[in-house]
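# A look at the structure
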Amino acid sequence: MVGDGFNFNSEKFIFSGRTPDYQEPFDDLDTVRMIVFGDWGSGPLGSYTRDLLNEEAKIRDFDGVLHYGDFAYDLHDDEGEKGDMFFRMIQPIAGNYAYMGIPGNHEDHRNATHFKARFNMPVNEAN
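What you see is a predicted model; the values in this text were computed from it and never measured. (Residues numbered from 1 in each chain as written. Predicted model: local features only at pLDDT ≥ 70, side-chain atom pairs only at ≥ 80, totals over all residues. Heavy atoms only, no water.)

### Describing the overall build of the protein
Here is the rule we go by: Only runs of H or I of at least four residues qualify as helices and only runs of E of at least two qualify as strands under DSSP, and these elements are numbered from the N terminus. We call two residues in contact whenever any of their non-hydrogen atoms come within 4.5 Å of each other. Areas reported here follow the Shrake-Rupley algorithm with a probe of radius 1.4 Å; residue values treat only the protein chains shown as occluding.
For the protein, the helix and strand inventory stands at three helices and three strands. In sequence order, the secondary structure elements of the protein are arranged as β-α-β-α-β-α. Counting only contacts in the protein whose residues sit at least 6 apart along the sequence, the fraction spanning at least 24 positions is 72%. Accessible surface, the protein: about 9100 Å² in total, of which carbon and sulfur atoms supply 51%.

### Some remarks on the pairing of strand β2 (residues 64-68)
Rules: Between any two strands, pairing holds if DSSP finds at least two bridges. Here is how to tell: hold the view so the strands point away, follow the path from the first strand over the helix to the second, and if it runs clockwise the crossover is right-handed.
Here four bridges tie strand β1 (residues 34-37) to β2, and the two strands are oriented parallel to one another. Bridging from a neighbouring strand, Val 36 pairs with Leu 66 of β2. Of the crossover connections in this fold, the one passing from β1 over helix α1 (residues 44-59) to the parallel β2 is right-handed. The sheet contact formed by β2 and strand β3 (residues 98-102) spans five bridges and is parallel. The partner of His 67 across the bridge, within β3, is Gly 101. The parallel pair β2 and β3, bridged by helix α2 (residues 81-94), forms a crossover whose chirality is right-handed.

### A short note on the packing of aromatic side chains
Each aromatic ring pair is described using two quantities: the centre-to-centre distance and the angle formed by the ring planes. The test is simple: Centres within 6.5 Å make a pair out of two Phe, Tyr or Trp rings, where for Trp the six-membered ring is used; the pair is then stacked when the planes are under 30 degrees apart, edge-to-face when over 60, and tilted otherwise. For each residue, the accessible area found with a 1.4 Å probe, counting protein chains only, is set against the maximum for its type, and the residue is called buried under 20%, exposed over 50%, and partly exposed in between.
Applying the stated criterion across every chain, the model contains 11 aromatic pairs. Look at Phe 71 and Phe 87: their rings are 6.4 Å apart centre to centre, the planes differ by 25°, and that puts the pair in the stacked class. With Phe 71 in the loop between β2 and α2 and Phe 87 in helix α2, this pair connects stretches of sequence that are 16 residues apart. Here Phe 115 and Phe 119 contribute two aromatic rings whose centre-to-centre distance is 4.9 Å and whose plane-to-plane angle is 25°, an arrangement assigned as stacked. Both residues of the pair, Phe 115 and Phe 119, belong to the buried class. The structure contains a cluster of three or more aromatic residues connected by ring pairs, namely Phe 37, Trp 40, Phe 71, Phe 86, Phe 87, Tyr 99, Phe 115 and Phe 119.

### Comments concerning the sheet that holds β3
Let me state the cut-off plainly: Comment: axis = line fitted to C-alpha atoms, over the contacting stretch for helices; angle = value between 0 and 180 degrees taken between N-to-C directions.
The strand order across the open sheet formed by three strands is β1-β2-β3, and the pairing between neighbours is parallel. Either end of the sheet is taken by a strand with one partner, and the two such strands are β1 and β3. Direction aside, the axes of adjacent strands within the sheet are offset by 15° on average.

### Overview of the pattern of salt bridges
One side chain can pair with another of opposite charge once the charged atoms of both are near each other. The line we're drawing: For this analysis, a salt bridge means a side-chain nitrogen from Lys or Arg found within 4 Å of a carboxyl oxygen belonging to Asp or Glu.
As enumerated under the stated definition, the model contains six salt bridges in all. The closest approach of N and O atoms between Arg 60 and Glu 56, which form a salt bridge, is 2.3 Å. Assessed through its relative accessible area of 23%, Glu 56 is described here as partly exposed. The shortest N-O distance in the salt bridge between Asp 77 and Lys 82 comes to 3.7 Å. For Asp 77, a relative accessible area of 28% puts it in the partly exposed group.

### Comments concerning the environment of Lys 12
Structurally, Lys 12 is set in the segment before β1. Expressed as a C-alpha distance, the spacing of Lys 12 and Gly 95, which sit 83 residues apart in the sequence, is 8.2 Å.

Dropping the structure here:
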């Protein structure tokens, strides 16, 4: 769940990811299946991509999503409203699977401020 703690909170989504055992030997780890893509816009083609991912989720067993850049083509447009609209659109996928984002060239506006505000990537001793 995300929100400002006062007036707005999103729906609550719960998913369970796999935490690898960082002890050797590593050969008994299961395979992790990821959907990997980039350049996901927010218009009609973006909705089409969302629908394809929803269909993939029904027929394929995958653990998470790696989105490598170009979210909505400029999250900062319209004072961030474009980014808000984009994340509402992808909520069915991002809210139900581990979803990791890597900034692309469209996220570099003002030192990737809008990207950083929306993504808090995991950090621990292993990374």
